[in-house]
Amino acid sequence: MTALRFGFACVGFVFAAMIIWAIYTGDFWAVKRSAEHLSKQFPGEPFLFNILGYAAGMTGDEKAAIAAYKWAIKLNPNFVEAMSNYGSFLVQIGRVDDAVIQLQKAVAKKPDYAEAHHNLGVALAGLGRTEEAMKHYDQAIRTTPKYANALNSRGTLKSANG
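(A) Structural context of helix α6 (residues 80-92). Between its first and last C-alpha atoms α6 spans 18 Å; for 13 residues at 1.5 Å apiece the expected length is 18 Å, and the two agree. Every buried residue of α6 is accounted for by Val80, Ala82, Met83, Ser84, Asn85, Tyr86, Gly87, Phe89 and Leu90. Summarising the contacts, the buried residues of α6 are in contact with α4 (46-58), α5 (62-75), α7 (96-109) and α8 (114-126). Where α6 terminates, the next one or two residues include Gly94, which has phi positive at roughly 85°.

Next comes the structure, spelled out in structure tokens:
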């Protein structure tokens with residue numbers, strides 16, 4: 001364990017607990033504040049920037065969300081969870097073409113990551129690329145058979161397209 005990770009584990013324990021509680025209760029402003037505080041103390045921790053990106057997005061701070069996700073991915077280019085979250089956020093803000101590119105990178109790096117396949121399916125469906133979307137929903141379901149979001153998205157797309 002590096003000194004930074006040990007420091008994060010010790011010093012950041014209280015803030016990490018606050019973040020978890022805030023997420024659980026839906027207080028994304030508190031999550032954002034705690035993640036911002038911790039990210040200043042531990043600027044090399046991609047996990048914190050992924051959380052910050054999520055919280056910033058949930059509070060409507062588009063610019064901060066994008067910056068945080070990009071930094072998390074820069075710190076760890078193999079952080080597929082951050083790539084998937086970033087792609088999902090890009091869909092939410094209407095940057096669907098950019099989301100597809102980001103999510104394709106995520107599934108290329110980790111082909112068995114169901115959430116990235118689901119998010120890519122959502123993006124592709126948003127572009128009217130139904131067959132491709134179905135393939136990614138199916139892959140998400142093959143990887144995680146009871147993945148409710150993928151099952152629901154697949155069912156909705158199938159009913160909408162006969």
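(B) Region of the structure containing the packing of aromatic side chains. Evaluated as defined, the whole model comprises three aromatic pairs. When the ring of Tyr69 is compared with that of Tyr86, the centres are 5.7 Å apart and the planes differ by 35°; the resulting orientation is tilted. Pair noted here: Tyr69 is in helix α5 and Tyr86 is in helix α6, with a separation of 17 residues, a long-range link. For Tyr69, a relative accessible area of 2% gives the class buried. Residue Tyr86 is classed as buried on the basis of its relative accessible area, which comes to 4%. Here Tyr69 and Phe89 contribute two aromatic rings whose centre-to-centre distance is 6.2 Å and whose plane-to-plane angle is 45°, an arrangement assigned as tilted. With Tyr69 in helix α5 and Phe89 in helix α6, this pair connects stretches of sequence that are 20 residues apart. Side by side, Tyr69 and Phe89 carry an identical accessibility label, which is buried. By way of ring pairs, the aromatic residues Tyr69, Tyr86 and Phe89 are connected into one cluster.

Rules used in this analysis
- Residues numbered from 1 in each chain as written.
- Predicted model: local features only at pLDDT ≥ 70, side-chain atom pairs only at ≥ 80, totals over all residues.
- Heavy atoms only, no water.
- Helix = DSSP H or I, 4+ residues; strand = E, 2+ residues; numbered from the N terminus.
- Expected span 1.5 Å × (residues − 1).
- Buried < 20%, exposed > 50% of the residue type's maximum accessible area, 1.4 Å probe, protein only.
- Contact = heavy atoms within 4.5 Å.
- Phe/Tyr/Trp six-rings, centres within 6.5 Å; stacked < 30°, edge-to-face > 60°.

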